[in-house]
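Structural overview
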Amino acid sequence: MASAAAQPPAKRVHRTSSSDTTVVSHVEGVDNPAPHCKSAPRAFNGDNLVIVMVGLPARGKSYIAQKLQHYLAFFHGMEGQIFNAGQYRRKLFGAQQDASFFDFDNAAGAAARETCITAAMNDLKAWVRPGNGRIGFFDATNSTKVRRQWVMDQLAGNVAVYFGQDGAFTAL
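Residues numbered from 1 in each chain as written. Predicted model: local features only at pLDDT ≥ 70, side-chain atom pairs only at ≥ 80, totals over all residues. Heavy atoms only, no water.

Quick look at the overall build of the protein now. Of regular secondary structure, the protein possesses four helices and seven strands. When its helices and strands are written in sequence order, the protein yields β-β-β-α-β-α-α-β-α-β-β. In the protein, buried positions account for 28% of the 172 residues. For the protein, restricting intrachain contacts to residue pairs at least 6 apart in sequence, the fraction spanning at least 24 positions comes to 62%. (Helix = DSSP H or I, 4+ residues; strand = E, 2+ residues; numbered from the N terminus. Buried < 20%, exposed > 50% of the residue type's maximum accessible area, 1.4 Å probe, protein only. Contact = heavy atoms within 4.5 Å.)

Below you can see the structure in the form of structure tokens.
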């Protein structure tokens, strides 16, 4: 009987769907190879980038921002951080807010929400400084033209800004 070392390397099976199977050869001598890491795209080396999430509440903005941040960090080594307005609201005003807090006719609620957005933007601007090559995600509804213009005014000249809505990203 042949020893285990003399046997040919095992084949790994990679399934792309339930009906499709692709056989991937085992890398000899490596049981769990490290993932291949590509350097950051040339356009972003040393540049700063802000991705502004846009959309109604509970539509996946935070989820997409988290997945994109992990992807860019894992495969491209790009440092990113998410600045979520909801996290700032929970930190500054507590997690339990009734519906009146979000009512457009509630001036006190609007001022409190504006405080949260401003705090998130100030932290984002402090984190994304020229020459660091960092990516910041501004995660809030940003659903009005006035709010998106405010974001552009806040970030003018310092970073490249992309607006993300429904999985599509637009550079401005």
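Attention now moves to helix H2 (residues 85-93). If you check which residues of H2 are buried, you get Ala 85, Gly 86, Tyr 88 and Arg 89. For H2, the buried positions fall inside an angular range of 160 degrees around the axis, keeping them on one side. By the N-cap criterion, in which a side-chain oxygen at the helix start approaches the backbone nitrogen of a residue two or three places on, H2 is capped by Asn 84, the distance to Gly 86 being 2.7 Å. Backbone geometry just downstream of H2 places Gly 94 in the positive-phi region, at approximately 95 degrees. (Arc of directions from axis to C-beta. Polar contact = N/O pair within 3.5 Å; in protein donor to acceptor, adjacent residues only side chain to side chain.)

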